[in-house]
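Spelled out, the chains give:
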Amino acid sequence: MRTETATAPCPPGPACRDVVSRTERRALVEAEFRRRYDRAPSLWCRAPGRVDLMGSHTDYNLGYVLTLPIGCDTWIAARPREDRTVCLYSLNLEAEASFGLDRVVSDPQARWSNYVRGVAQVLQTEGLKLNGFDGVIHSTVPMSSGLSSSAALECVTATVFEALGGWKLDPVNKALLCQRAENQFVGVNCGILDQYTSCAGQEGCALLLDCRDLSSRPVKLADGIKVVIGDTKSKRELAGSEYGQRRAQCEEGARRLGVQALREISLEQFNARERELPSEVAKRCRFIVEENDRVLKLGAALKAFDRQAIRQLTAASFRGACDLYEIGAPAMHTMTEAMLAAPGVIGARQAGAGFGGCLVAFVEEASVDAFAASVRHAYFAATQTQPEVYLVQAAAGAGLLPQTPDAPDAHHRSGFLTASIGKTAARHSPHPSRPGRTHRPKDSIIRNPEPN
Ligand code: GLA
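On a predicted model such as this, the values are computed, not experimentally measured, just so you know.

Participant: Honestly, the sheet that holds strand E8 (residues 225-231) in this entry has me stumped. Any pointers?
Facilitator: Strands belonging to one sheet form pairs held by backbone hydrogen bonds; the direction of such a pair is parallel or antiparallel. Judged by pairing direction, the sheet is antiparallel, and its four strands sit side by side in the order E9-E10-E8-E11 without closing on themselves. Of all the strands in the sheet, the pair left with one neighbour each is strand E9 (345-350) and strand E11 (388-392). Between one strand and the next, the sheet's axes are offset by a mean angle of 25°, whatever the strand orientation. Both E9 and strand E10 (residues 358-364) contribute to a ladder of five bridges, which runs antiparallel. The residue bridging arginine 349 from the neighbouring strand is valine 360, located in E10. Contacting E8, E9 and E10, helix H8 (residues 279-304) crosses the sheet at an angle of about 150° to E9. This element, helix H9 (residues 307-323), spans E8, E9 and E10 of the sheet and lies at about 25° to E9.

Encoded structure:
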């Protein structure tokens, strides 16, 4: 089985507000595990979040996405149980949940646990043998921000069941089963992007994903280009958003154009037939067709360090997202303006489903700190909301962490803990049962950022 190699350390300075080492994070999780279950965990698993570099909403149109698995990840420390019960504790939420594997039902009171339950149910439907376990969950993927906290929880869950069950799924199948859990059990009709990235990510490179045949190839960004996230802190809810409506409009467009998916239409073909579509459907479809085209172009531009192309493609993507797909939000505009005015910026665009959440910028390596400081200052001045702005690096897909704390890479830093437990709190769940809690012990390794 694959074990994770370390994520590169974050450079010091304001680009990276609060970073804790993997050793510290591990100690926190292990202490909680011992407190709750009186024993040490015997298994450590992780799965990363992701940021899409280009390709908004192209996944369910069977198109391309350029996607980056990131160092923010979700961990489960586990120990098998003799019975068929799964006992969970979320450190972020300070919430527990348990369920029996013989009858997996969703829990409206502990909705965060439905991602785990859903994966359990789907894996069993596939005839896979599952073991009960005690688990403590901890995540550094911000919730409802467009960085795939849900997929990270699903994929780390599948990894735990895999390790305890003594079987192994290939990453693409694992991703498909996790997607099925989200579609059918949680009830969010998402595409494959998030789960694919979380399961199949490779350290050190982005993935150019083809959502039609589910193949991908690594894309290494040119040295000197860094990826920086700007979290607007304006939360979005995928299930309650217009995500489903956008998807239905794309499907209607494809149907009217006589193709299985919009991926099959070239820009030239679309230009010739656009008037066959109702106007709103036409706008949605135009965005997808153009965005799909931009994915391949951005991949080439990032490899070649073509600043002008990166700037133009990201600007066109953001414009299309706002004007044609209409997934913009005021906070996204403010963040984009702050990013585009900051030193070292090459280009910036939306991340995830839109409707708030995060923006992603390409930044000259030498200017990352100055960029982050400038964006924080400008965004806070405009909104009175403290954003999170941080560098991300490509991380490996879901797998095992070293099983002992003194394993060779245990001293490396991982992830970016940019909030208190309470703030990261509901990071597993789109519906936090206790939002805004910030009550970990004072010496907690997870610190609460102060406004500038
Ligand atoms: C969410 C969904 C993905 C994808 C993106 C938009 O993250 O889960 O499947 O559709 O939105 O690109």
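Participant: Help me understand the pairing of strand E3 (residues 85-90), please; the structure alone is not making it clear to me.
Facilitator: In summary, the side chains of a regular strand alternate between the two faces of the sheet. With five of six residues buried, E3 lies mostly within the body of the structure. Pairing geometry for E3 and strand E4 (residues 95-100), over six bridges, is antiparallel. When the sheet's bridge partners are listed, serine 90 is paired in E4 with alanine 95. The antiparallel hairpin formed by E3 and E4 contains four residues in its connecting segment, where glutamate 94 sits at a positive phi of about 55°. Note that E3 and strand E5 (residues 133-139) share five bridges and pair parallel.

Participant: It is not clear to me how the nonpolar core should be interpreted in this structure. Could you clarify?
Facilitator: Nonpolar side chains in soluble globular proteins tend to be buried together. Among the nonpolar cores identified, the biggest contains 51 residues, and Leu123, Phe133 and Phe161 are the most heavily contacted of them. Considering each element in turn, this core owes the most residues, seven residues, to helix H3 (residues 149-165). If we skip the residues at most four places from it in the chain, phenylalanine 161 touches Val86, Leu101, Ala120, Leu123, Leu130, Asn131, Phe133 and Trp167. With 34 residues, the next largest nonpolar core counts Leu53, Leu66, Leu147 and Ala206 among its residues.

Participant: Would you explain the pattern of salt bridges in this entry?
Facilitator: Going through the model one piece at a time under the given rule, you end up with 33 salt bridges. Arginine 349 serves as the salt-bridge partner of aspartate 52, at 3.6 Å between the closest nitrogen and oxygen. Residue aspartate 52 is located in strand E1 (residues 43-54), and its partner arginine 349 is located in strand E9; the two are separated by 297 residues in the primary sequence. Both residues of the pair, aspartate 52 and arginine 349, count as buried. Arginine 84 is the partner of aspartate 102 in a salt bridge, and the nearest nitrogen-oxygen pair spans 2.8 Å. Remark: arginine 84 occurs in the loop between strand E2 (64-80) and E3 and aspartate 102 occurs in the loop between E4 and helix H2 (114-125); sequence separation between them is 18 residues. Connected via shared salt-bridge partners are Arg50, Asp52, Asp194, Glu291, Arg294 and Arg349.

Participant: Where do I start with the site of the ligand in this structure?
Facilitator: Near the ligand there are 13 residues, and of these His57, Asp59, Gly191, Asp194 and Tyr243 occur at the shortest range. Here an oxygen atom of the ligand and a side-chain polar atom of tyrosine 243 are 2.6 Å apart. Contact with the protein chains covers 98% of the free accessible surface of the ligand, which is 310 Å². Residues that form the shell around the ligand fall into these classes: five nonpolar, five polar and three charged.

Participant: Just checking my understanding: could you explain the packing of H3 against helix H5 (residues 193-200) for this structure?
Facilitator: Geometrically, a packed helix pair is captured by the angle between its two axes and the distance between the axes. Remark: H3 packs on H5, axes separated minimally by 9 Å, with the N-to-C direction vectors making an angle of 50°. Here H5 runs oblique to H3, going by the angle between their axes. Along this stretch, H3 crosses H5, giving a crossing that reads as right-handed. Contacts from Ala151, Ala152, Glu154 and Cys155 in H3 reach Asp194, Gln195, Ser198 and Cys199 in H5. Residues that form the contact of H3 with H5 fall into these classes: four nonpolar, two polar and two charged.

Participant: Is there a simple way to think about the side chain of arginine 263 in this case?
Facilitator: You can see arginine 263 is positioned in the loop between helix H6 (243-257) and helix H7 (267-273). Of the polar contacts made by the side chain of arginine 263, one reaches the side chain of tyrosine 64; its length is 3.4 Å. Sequence-distant contacts of arginine 263, defined by excluding residues within four places in its chain, comprise Asn61, Leu62, Gly63, Tyr64, Asp210, Arg212 and Asn292.

Quick notes on the rules
Residues numbered from 1 in each chain as written. Predicted model: local features only at pLDDT ≥ 70, side-chain atom pairs only at ≥ 80, totals over all residues. Heavy atoms only, no water. Pairing = 2+ DSSP bridges. Helix = DSSP H or I, 4+ residues; strand = E, 2+ residues; numbered from the N terminus. Axes fitted to C-alpha atoms, helices over the stretch in contact; angles between N-to-C directions. Contact = heavy atoms within 4.5 Å. Buried < 20%, exposed > 50% of the residue type's maximum accessible area, 1.4 Å probe, protein only. Core = buried A, V, L, I, M, F, W, Y, C linked by side-chain atoms within 4.5 Å. Salt bridge = Lys/Arg side-chain N within 4 Å of Asp/Glu carboxyl O. Near = heavy atom within 4 Å. Polar contact = N/O pair within 3.5 Å; in protein donor to acceptor, adjacent residues only side chain to side chain. Areas by Shrake-Rupley, 256 points an atom, 1.4 Å probe, with all protein chains shown as cover. Nonpolar A, V, L, I, M, F, W, Y, C, P; charged D, E, K, R; others polar. Parallel < 35°, antiparallel > 145°, perpendicular 65-115°, else oblique. Left-handed = near helix turned anticlockwise from the far one by under 90°.

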